[in-house]
Amino acid sequence: MTKAERKRFVAGALRKLCREGRMNESRAFCQHGNTSVYWHSIRVAYYSLCLAEFLHLTRHKEELIYGALLHDYFLYDWHEKDKSHRLHGFHHPRTALRNASEDFTLSELEENIILRHMFPLIPVPPTRIESWIVCLVDKGCSIYEIIRL
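Residues numbered from 1 in each chain as written. Predicted model: local features only at pLDDT ≥ 70, side-chain atom pairs only at ≥ 80, totals over all residues. Heavy atoms only, no water.

## Re unusual backbone geometry
- In this structure, Pro-120 follows Phe-119 across a cis peptide bond, with omega equal to 10°.
- If you check the backbone angles, Leu-75 has positive phi at about 60° while not being a glycine.

## Let's talk about the state of the cysteines
- Enumeration according to the criterion identifies 0 disulfides in this entry.
- Looking at Cys-18, it has no disulfide partner, and the nearest cysteine sulfur is the one in Cys-141, 18 Å off.
- Free of any disulfide, Cys-141 has its nearest cysteine sulfur in Cys-50, 9.8 Å distant. (Disulfide = S-S within 2.5 Å.)

## Here we look at helix α3 (residues 61–70)
- Most of α3 is tucked away, with 7 of its 10 residues classed as buried.
- For α3, the full list of buried residues reads Leu-64, Ile-65, Tyr-66, Gly-67, Ala-68, Leu-69 and Leu-70. (Buried < 20%, exposed > 50% of the residue type's maximum accessible area, 1.4 Å probe, protein only. Helix = DSSP H or I, 4+ residues; strand = E, 2+ residues; numbered from the N terminus.)

## Examining the pattern of salt bridges
- The full count for this structure, using the stated rule, is 6 salt bridges.
- Across the pair Arg-19 and Glu-20 runs a salt bridge, and its minimum N-O distance is 3.8 Å.
- Overall, the relative accessible area of 62% leaves Arg-19 in the exposed class.
- What makes Glu-20 partly exposed here is its relative accessible area of 44%.
- A salt bridge links Asp-103 to Arg-22, with the shortest nitrogen-to-oxygen separation between them at 2.8 Å. With a gap of 81 residues between them, Asp-103 in helix α4 (residues 88–103) and Arg-22 in the loop between α1 (3–20) and β1 (30–32) connect regions that are remote in the sequence.
- Residue Asp-103 is classed as partly exposed on the basis of its relative accessible area of 22%.
- Taking the relative accessible area as the measure of exposure, Arg-22 reaches 25% and is therefore partly exposed. (Salt bridge = Lys/Arg side-chain N within 4 Å of Asp/Glu carboxyl O.)

## What about the environment of Tyr-46?
- If you trace the backbone, Tyr-46 turns up in helix α2 (residues 37–54).
- For the pair Tyr-46 and Asp-72, spaced 26 residues apart in the sequence, the C-alpha separation amounts to 15 Å.
- Residue contacts for Tyr-46: discarding those within four places in its chain leaves Lys-3, Arg-6, Lys-7 and Val-10. (Contact = heavy atoms within 4.5 Å.)

Here it is, written out as C-alpha cells:
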C-alpha cells in the first residue's frame, strides 16, 4: 500500500467508529502531553499497519486497524484526580474492551488487541501477532508523544 492508501484505509475505519460508536468522544481526553486519545489511536493504527506490511502480515489488516483504533477506548480523562482512575495502566484495557463491546461486534482478534496491548504491565501476553504489533507500536507512539513535549 502507498502512504495515501494506508491513510484512506485507516480513515475509512475511523469514520465507521465515529459514526456507529463514541470514538469522537476520545478527542476530548488527553493521552500523552498534548496528544488526545483520538489522535494517539489514529497514530497507533497507522503505524501498526505500516509494521504489519513491512512484516508481510496483512491477512487480518482490517481487524488490526479496528483493534488499534479501539485499544484505548476507555472514554475518560485519566489525568483527572479521581479514585476510579487510580492504576489506569492496569485497568483501562478492560474498560476499553467493555466500551468497545457495547458499541461494536468485535472479533476474537480485536478483543485480544484491546485487552493485551498493555503487556508487560498487564502480565498476560498477547496471543496473536497482530496484538503484538499493536502492543509494540503503542509503546513507540507513547514514547514519541511524551518525548515530543
